[in-house]
Amino acid sequence: MKFRSRAADTEREPAQVYGSTQIELAWTIIPILIVVVLFLATARVIHAIQDVPKPAEAVEVTAIGHQFWWEFQYPKLGIVTANELHVPVSDPSLPTPTFLRLLSADTDHSFWVPQLAGKTDLIPNHPNGTWIDPHETGLFLGQCAQYCGTQHAKMLLRVYVDTPEDFNAWVRGQQEPAKRDEKEAAGRHVFETTACLTVMQLPGQTALGVLVLT
């Protein structure tokens, strides 16, 4: 309305009005300050997550993605499992987080347990890592979140969060040698003298499983 055309203005140029310096400075400086604050807050959270100190009680696990299954190694405990990860519950008063070293045996994979941690990629020849700090016991399901081949959907993983007592009992059970039963001697003999040992190895026997393709 203020700058509408008037009959008396037809013979002269309209008034040249330039922007307000104060307003232009405000809408430039204020967004910059907002971005700086968001950047500092994000960097602080990333540092708190990625560079968290590892407590002496922390459980260390090496997770290796294969086509198409998960291998979990407990270096300090001498345990290796497939597709099932057992960890102790972490008491806030005495944190017992689980630190995972992530490796890939073949192609790209992604470790993802939605209720425990975000997605973390496993890239060949590029070790990665993540950690979980579960405060509740139970079974938590995860999945490979990176398409890694035709059987990708079968890379389901299970994380069992146990009480400290149950976790220690599980560790003792896994560390025990394979039980020998005379009633099973015949079956064991068949296993050890046929092609089974070319693809697998059981605890308690020294034969090395090697797959030979002809």
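The following refers to the structure shown. (Residues numbered from 1 in each chain as written. Predicted model: local features only at pLDDT ≥ 70, side-chain atom pairs only at ≥ 80, totals over all residues. Heavy atoms only, no water.)

1. Describing the sheet that holds strand β1 (residues 59-66)
Think of a sheet as strands paired side by side through backbone hydrogen bonds, with each pair either parallel or antiparallel.
Phase 1: In space, the five strands of this open sheet follow the order β3-β2-β1-β5-β8, with mixed pairing throughout. A strand with exactly one partner marks an edge of an open sheet, and here the two such strands are β3 (79-82) and β8 (128-132). Each strand of the sheet is rotated relative to its neighbour by a mean of 25 degrees, with strand direction disregarded.
Phase 2: Relative to β3, strand β2 (residues 69-74) runs antiparallel, the two sharing four bridges. Each residue of the ladder has a partner; that of Phe72, found in β3, is Thr81. (Pairing = 2+ DSSP bridges. Helix = DSSP H or I, 4+ residues; strand = E, 2+ residues; numbered from the N terminus. Axes fitted to C-alpha atoms, helices over the stretch in contact; angles between N-to-C directions.)

2. Comments concerning the pairing of strand β6 (residues 109-112)
Phase 1: As paired strands, β6 and strand β7 (residues 120-122) are joined by three bridges and run antiparallel to one another. Within the sheet, the bridge partner assigned to Phe111 lies in β7 and is Thr120.
Phase 2: The pairing of β6 with strand β9 (residues 138-144) spans two bridges and is classified as antiparallel. Bridged to Trp112 within β9 is Gln143.

3. Here we look at unusual backbone geometry
Phase 1: Of note, the amide linkage connecting Gln67 to Phe68 takes the cis form, showing an omega dihedral of 5 degrees.
Phase 2: By the element assignment, Phe68 lies in the loop between β1 and β2.
Phase 3: Phi is positive for Asn83, which is not a glycine, with a value near 70 degrees.
Phase 4: Here Asn83 falls in the partly exposed class, since its relative accessible area comes to 24%.
Phase 5: With a phi angle near 65 degrees, Asn125 is a residue other than glycine that sits in the positive phi range. (Buried < 20%, exposed > 50% of the residue type's maximum accessible area, 1.4 Å probe, protein only.)

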